[in-house]
Every structure is written in structure tokens, then in C-alpha cells.
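Okay, here's what each chain looks like letter by letter:
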Amino acid sequence: MSTEDVIFVIDDDQNVRESMRALLESAGYKVKDYASANAFLADKPPRSGCLISDIRMPEMDGLELQEEVARRGILIPVIIMTGHGDVPLAVRAMKAGALDFLEKPFDDEAMLGSVRRALEVGRQKQDEMAEARAAQELLALLTPRERHVLDQLVAGRSNKVAAYELGISPRTIEIHRARIMDKMNARSLSDLVRTALAATRMAGGTV
Amino acid sequence: MPIDAASDALFSALIATAVDGIVVIDARGVVQIYSPACERLFGYSPDEVIGKNVKLLMPQPFHGEHDQYLANYRSTGERRIIGIGREVMGRRKDLTTFPMYLSVGEGEVGGEAIFVGIIHDLSTLRAAERNREASDRHLANIVESSDDIILSKTLDGVVMSWNAAAERIFGYAAGEMIGQPISGIIPPDRLSEEDDILRRVRAGEHISHYETVRRHKDGRDIIVSLSVSPVRDADGRIVGASKIARDVTEQRKTENKAAELQFELLHVSRLSAMGQMTAAIAHEVNQPLTAVANYVSAARRVISSLGSDAAAVKARDFMEKAAEQALRAGAIIRNLRDFVEKRESQHIPHDLNKVVAEAVALGLAGAAHVDVKVQLDLNSTLAPVLIDKIQIQQVLLNLIRNSIEAMAGASERELVLSTAPDGPGFVAVTVADSGPGLPDEVAARLFQPFTTTKEQGMGIGLNICHSIVEDHGGRIWLLPDVPRGTAFRIRLPLASHIEDSI
């Protein structure tokens, strides 16, 4: 558990909100709570952590909040809380990429387990994004010709085939390949391919 | 001045003023006297008749036989009409005939026999009789062709007339009932009712639109609406009762069915209102329960962090129990809601066709504004199925409403429900529409929860249908490769099939 992980709790019911703070803080998390989706959106956008939102709220409901968070490109896992009658809405939330939904009242371990999973998924996503960003920065160092050669290698072509495809000699391919490996800090071909793929992975909005 | 009975003036006056015609002939049949009244009757003037044979005034066969008749009388004295009088036909100048009463007297003048005929015209009387007969026949035709039962009975309740509608509706021929007591068509528990009716009729009372039950020859009860009136004789004495009755059995059945459907609909809407209320309560109560569970769990963790002396352990244990109880309260609310949604099922043998027809009526109840053509193709030979009617109707309703919604934008909106045997021990009902059909990816996941094509849909309708049908030992599936729209088939086991397997 990282001390930087902040759990954002959004519920229009003050008692639910404060009890959520009590529960999450007792488990060692930092908590920020908001009485409405708009209050959350008005605050500084979070860089990590997880968002726990009630689904049925006045003004903006949990589902709209989820959509807005995605639209703004905020990378944060969302857990939806629901009263029993809100099942259809919860389904839409899941379809829209919510990580979990919990029916009120819930077992503390169910909620804390869900939070742990969300943070883990969030961290993974953050790592992937960091990796993708780093890989993209490395890719930017390559010349257009080197990019073409790299594409051939990522597609699994041998030097010979790549040479034929690009109309250059296998020897030239080998020279390009060595330079690419060097620029991208790759120790092996598989290392190179992994980095190249990471760079092309597009991160979605919500996790 | 005293009248001289022998005067010619009196004689002439008699002949001239007699309203009935007077004809005097001689023994050979030659007309001697032909009164003015005769001119009106026959159309001949005296000149045309006097001195001619009287047969001129007679149609055949009298015309041909009269001479012979007179000759016969002269020789044998045998009388057919003389001194007697009878109804015969006269012939006018224009050769038309008319009925008349002819009385003939015989006399003698100057040694010669004469016959005096007095002619009374019967044509007006006969015409009146014909009219009365025609109007009687007309009335009889009305009575016979009436769709309503028309019968009459004596004050003792003995049937006097019985029309065709009575034969048709009660199953007894007129010959079987006329002369018999009307009590034959009255259920035993209603016999006193007939006594009461007859008592009121005797008192001159008219009874209208009295609804009661009568019994068909085959024992089945018929609901009739009666009107009973006294029948009076020429002197105004009440001698019997006439009864007009209408068979309202089908009408009452239809009304009852409509009332039943309405009740059912009410039941369904009451259930859904209860469901909504329960959902609202569940939401309201779940909020504080959530807070309780959270606080208690938080407290337990805080106490755990304080240490592990006996008191802390005990407090932690209590907190755990308190959290469990909060969750239990939540579970109770959930169960309550589930109970309202899915009440106990009651599996009873039902006629599937009736269940289908009612579901269609219910399904269309809220969809009168969408112009959907509904076709029922029901197999009448189906044995009963063992089902919870409300649940199966919920399934059908769901499919029907889905179809109606799916066809909202279609140019052709046709809903076809059919029933048929489906292998040994099963029957099937098919709900087919002419809508746009389902995309393959939706069709593949159709009965999984949370699959929906609807903007507002929750995607649990077909999932519930699926579990209801499975619960009945049946199966529901989407028919592949239908020529148009979507077709669902539900297979249900026959009651006999289930009993066999128990």
C-alpha cells in the first residue's frame, strides 16, 4: 500500500461519506470526499488512487461522472456503489469500464478488497503508460529509414526478407538494426520488439 | 196510413230497397225479377239479365250444372239449396267472381213454380278474414324468426307455445314442450322463482329484464334475461303468461372475462407498484445501514490497532457481530424485494391457448396507440400444461412487449402467436414479429443478464424469462433463420408428462 494513494469518495449522503472515510482511513488510506460529482471535478485532477462513487445522485449521477472523468483523460479506476434498485444503472457503469460495483450495505472486506484491486490495476496502468511514454520518446530518436526497418523487425521478418521488402541489402539492414538497438537501449531483439509495442499501445481513458 | 200488405207499391218498394240482392226465376231458370241491389253486385243492368237463364250469374261448375239441377229437382224433388241456403260463388259481368250467401225459397205464381233467391255479398267479410289470417301468419312469422325466445304458458305454468329460438336455445322441440310444465327447463333451486313470477303475472304485473338461469336439455345452464307479461282473453281475464327471453350467456361470459383480465392487470400493476415502493424503501434504508456497517468496521480496525488485551479482543468481536447484523438487515431488505418480484409459484394445469390469448390482451392493453396486427394461430387439440399462469404470462408479456417495441419503426407490424404440440410430452408457443430482427452478437448472448438493445433497457427481461421457463422444466430459445423479424419459442411440459415423471 502506497501512502500516496488517495481514495476519492463521492456520495450525496453525508453519513455514508463520513463512514466511508472512517472505514478507509482505518485501513490506512488517505481519503478525500465530495458531496457531488461537480465538487470532485472542480478540484485538482488526481494523478493516482481510486474513485468510489455512489450511482444515484442529484445533478450529475455516478455514471455521468464516470463518462466525464474518461472524457477529461483522467486515469483513475472507478468503483461504483449502488442501492439494490440501481442494478440496471450499475450494468451500464460496468459496460462503461467501471472496475467493480458493490451493493449497499457491503462487507468491509469486499470494499477494501475492491479498493486494493483498483489501486493495483491503476498502478499497472500507470506503469504501462510510463513505459509507453518512455518508449515513444526513444522512438522519436529514430530516423524515418530506421522506423521502416524497425517495423519490419516488429512484424517478425528476417533480415533477408526485410532487405528485399525495403529494396536494400541485408548488410545495410544489419547496420540499421545495430543502430536502432543502441538508440533504444535494447539488449536483445525481443527487448526491442517489446519496447516498440509498448510505444504503440494507446492508453484508454478510464482504467 | 196502414200498409196494405198486398199492394204492388209495397212489393215494388221491397224489391227496390232490399240491401241484399233478390232474383226470382221461373221453373226453367229464366230470370223474372232482378233487384237494383243485384245491379251493384253483378254489374249487369236488368235488361241484360231479365228473360235470360240465371246461370249467367254463376261461374263454373254451377253455370254448367244449373239446368240439370233444376230438371233434377222437378223430377225427384231433391233439394240442394232450396229452402236451405248456402255459400256459393257469383259471377259478375266482367267474369270476376265473388263469395255470396244464397238462400232460395220456392213459391208458386199462377200455377207456375218460382224460386226466390236472396243474395248476401260475403266478399267484404271474406276479405277481412283473409286479412286477419295474413296478419296472424305475419305475427307467427315474427315469433318464429325471432332470435329471442318467445313462449306462452298457462297460469299453472303449462307451455302453450314454443318458438324456434326456444327450440334452439333450450334444445327441446316445440312438440316436446307444448302441454308440458315449464318447470322442465328450470334448475331445481330456482323453482320457487317461477312460482313467484306466475303469482305476479296473475296479479297483472309485467316483469321486465329479469336475469336468471335456465337449463338446456343437455343439462348446461343458460343465463337468460326474461320479460313476462300477462295474457288476457276477450273478456280481459288473465289466462296465461307470455314470455320473451334472451340468451345472455355469451355476453355475461365475455363481461366476466373482461373483468377477470382487468383484475389480473390490476394485480400485475399492484405488484409492480409494490416493487417500486420496496425499491424506494430499500434505497433509503440501505444508506444508513451502509454507514452503520462502515463505522463499525472502522471501529473494529481502530480497536485492533490499539492492542490485543482481553477487553480489546472482546470489543473487536462485538464490532464484528454488529457489522454482520447490519449486513443481515441489508439482506432482509434484498429478500423482501426479491419476494415481491418473484412470489411463490403455483403450478396448476392450464389451457395454454387461454393463457396465450389473455397474455395478448394484457400485452396490447398498454399499446393501443401502436397499430399492430395480431394473429393467433392456436392449436385446439393441446392437452393442459402444468404452469404458474402469472409467471408464464409474464414471460409472454415480456416477449410481446419486446416485439411491439421492436416493430415501432417497421413498415409492417405483425405479431403472430402460435401454439402446437412439440414432441412427446411437450407443447410449444411461438411469438414471432415482423420487426428488424436481432443482430448476431446480441442473439448469441440473448439470455445472459445485462444484454439489451434498448436505450432504457436493463437487459434482465429475457434472463428472468429464461429462469421462469427453466423453472417450469421447459426451454426458451430464439428460432434461427426465420424469414423476417424475431421469433421466440417456449417449450413447456404437459401436465400429464410431469405427473408421469413424478
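Residues numbered from 1 in each chain as written. Chains lettered and ligands numbered in written order. Predicted model: local features only at pLDDT ≥ 70, side-chain atom pairs only at ≥ 80, totals over all residues.

### Side note on the overall build of chain A
Rules: By the criteria applied, helices consist of DSSP H or I runs no shorter than four residues and strands consist of E runs no shorter than two, each listed in order from the N terminus. Three exposure classes are used, all based on how many other C-beta atoms lie within 10 Å of a residue's own C-beta (placed from the backbone): buried at 20 or more, exposed at 12 or fewer, and partly exposed between those limits. Distance between backbone-placed C-beta atoms decides contact: two residues are in contact if it is within 7 Å.
Counting secondary structure elements, chain A contains nine helices and five strands. Counting helices and strands in the order they occur from the N terminus, chain A gives β-α-β-α-β-α-β-α-β-α-α-α-α-α. For chain A, the residues scored as buried account for 35% of the 207 residues in total. Counted over contacts in chain A with a minimum sequence separation of 6, partners at least 24 positions apart contribute 62%.

### Observations concerning unusual backbone geometry
With an omega of -10°, the peptide bond between Lys104 of chain A and Pro105 of chain A qualifies as cis. Put simply, Gln60 of chain B and Pro61 of chain B share a cis peptide bond, and its omega is 5°. With respect to the helices and strands, the residue Pro61 of chain B is situated in the loop between α3 (46-49) and α4 (62-76). For Leu95 of chain B, which is not glycine, the phi torsion reads 70° and is therefore positive. On the neighbour-count criterion, Leu95 of chain B (8 C-beta atoms within 10 Å) is exposed. Non-glycine residue Asp481 of chain B carries a positive phi angle of around 55°. Residue position: Asp481 of chain B is located in the loop between β16 (475-478) and β17 (487-493).

### Some details on the interface of chain A and chain B
What counts is decided by this rule: Nonpolar residues are Ala, Val, Leu, Ile, Met, Phe, Trp, Tyr, Cys and Pro. Charged residues are Asp, Glu, Lys and Arg, and all others, Gly as well, are polar.
Contact with chain A, which involves 19 residues of that partner, is made by 26 residues of chain B. Elements supplying a minimum of two residues to the side of chain A that touches chain B: α1 (14-26) and α4 (87-95) of chain A. The biggest single contributor to the side of chain A that touches chain B is α1 of chain A, with seven residues. Considered class by class, the residues forming the side of chain A that touches chain B number nine nonpolar, six polar and four charged.

### What to know about the nonpolar core
Definition in use: The nonpolar core is taken to be a set of buried Ala, Val, Leu, Ile, Met, Phe, Trp, Tyr and Cys residues joined by way of C-beta atoms within 7 Å.
If you look at the biggest cluster of nonpolar residues, it comprises 45 residues, and the most contacted ones within it are Ile7, Cys50, Ile52, Val78, Ile79 and Ile80 of chain A. Per element, the largest residue contribution to this core is eight residues, and it comes from helix α9 (residues 249-306) of chain B. The next biggest cluster of nonpolar side chains, apart from the first, holds 34 residues, and it includes Val372, Leu399, Ala406 and Ile490 of chain B.

### A few points about the pairing of strand β8 (residues 207-215) of chain B
Residue and element names in this part refer to chain B. Threshold: By the convention used here, strands pair only if DSSP detects at least 2 bridges between them.
Strand direction decides the pairing type here: β8 and strand β9 (residues 221-232), joined by seven bridges, are antiparallel. Paired with Thr212 across the strands is Val224, a residue of β9. The hairpin formed by β8 and β9 contains five residues between the paired strands, and Gly219 there has a positive phi angle of roughly 95°.

### What to know about helix α12 (residues 389-406) of chain B
What counts, and what does not: To estimate the expected span of a helix, subtract one from its residue number and multiply by 1.5 Å.
Compared with the 26 Å implied by 1.5 Å per residue over 18 residues, the 25 Å span of α12 of chain B between its first and last C-alpha is a close match. Most of α12 of chain B is tucked away: 14 of the 18 residues are buried.

### Describing the packing of helix α6 (residues 144-154) of chain A against helix α7 (residues 159-166) of chain A
Residues and elements named next belong to chain A. To keep things clear, this is the line we draw: Each axis is a line fitted through C-alpha atoms, and for a helix only the stretch in contact is used; angles between axes span 0 to 180 degrees, taken between their N-to-C directions. Angles are sorted into four bins: roughly parallel if under 35 degrees, roughly antiparallel if over 145, roughly perpendicular if 65 to 115, and oblique for all others. The sense of a crossing depends on the near helix, which, turned anticlockwise from the far helix by less than a right angle, makes the crossing left-handed and, turned clockwise, makes it right-handed.
Where α6 contacts α7, the axes come no closer than 10 Å and their chain directions differ by 135°. In terms of orientation, α6 and α7 fall into the oblique class. In terms of crossing hand, the pair formed by α6 and α7 is right-handed. Contact residues: α6 offers His148, Val149, Gln152 and Leu153, while α7 offers Ala162, Glu165 and Leu166.

### Here we look at the sheet that holds strand β3 (residues 86-91) of chain B
All names here are of chain B. Reading across from one edge, β2-β1-β5-β4-β3 is the order of the five strands in this open sheet, with antiparallel pairing throughout. Strands at the two margins of the open sheet, each flanked by one partner only, are β2 (31-34) and β3. Across the sheet, the mean angle separating the axes of adjacent strands is 35° when strand polarity is ignored.

### Here we look at the sheet that holds β16 of chain B
All names here are of chain B. Taken together, five strands build an open sheet; the order of strands is β12-β14-β15-β17-β16 and the sheet is mixed. Across the chains shown, the open sheet's two edge strands, defined by having one partner strand only, are β12 (373-377) and β16. Averaged over all pairs of adjacent strands, the angle between their axes in this sheet comes to 15°, without regard to strand direction. The pairing of strand β15 (residues 426-433) with β17 spans seven bridges and is classified as antiparallel. Directly across from Phe426, in β17, lies its bridge partner Pro493. Sitting on the sheet, α12 is in contact with β14 (414-421), β15 and β17, with an inclination near 20° to β15.

### Some remarks on the pairing of β12 of chain B
Where a strand is regular, its side chains alternate between the two sheet faces. Residues and elements named next belong to chain B. Of all five residues in β12, zero are buried; the element is thus mostly exposed. Bridge count between β12 and β14: five bridges; the pairing is parallel. Each bridged residue has a counterpart across the sheet, and for Lys373 the counterpart in β14 is Glu414.

### A few points about the confidence of the model for chain A
Note the cut-off: Predictor confidence is given residue by residue as pLDDT, running from a minimum of 0 to a maximum of 100.
On average, residues of chain A score 86 in pLDDT, and 92% of them reach the 70 mark or higher. A low-confidence stretch, residues 203-207 of chain A (pLDDT under 50), is modelled with 18 contacts involving residues beyond four sequence positions or located in other chains.

### A look at the confidence of the model for chain B
Summarising the model, chain B shows a mean pLDDT of 84, and 88% of its residues fall at 70 or more. With pTM at 0.42, the complex prediction returns an ipTM value of 0.75.

### Here we look at helix α8 (residues 191-202) of chain B
Between the first and last C-alpha of α8 of chain B there are 17 Å, a value that for twelve residues agrees with the 16 Å anticipated at 1.5 Å per step. Phi turns positive, to about 85°, at Gly204 of chain B, one or two residues after α8 of chain B.

### Re the packing of α7 of chain A against helix α8 (residues 170-183) of chain A
Residue and element names in this part refer to chain A. The N-to-C vectors of α7 and α8 enclose an angle of 105°; their axes lie 8 Å apart at closest approach. Classified by the angle between their axes, α7 and α8 sit roughly perpendicular to one another. Only Pro170, Ile173 and Glu174 of α8 make contact with α7, whose side of the interface consists of Asn159, Lys160, Ala162 and Ala163. A per-class count over the contact of α7 with α8 returns four nonpolar, one polar and two charged.

### Side note on the environment of Ala331 of chain B
As for its position among the elements, Ala331 of chain B is in helix α10 (residues 310-341). Put simply, Ala331 of chain B and Asn286 of chain B are 45 residues apart on the chain and 9.9 Å apart in space, counted from C-alpha to C-alpha.

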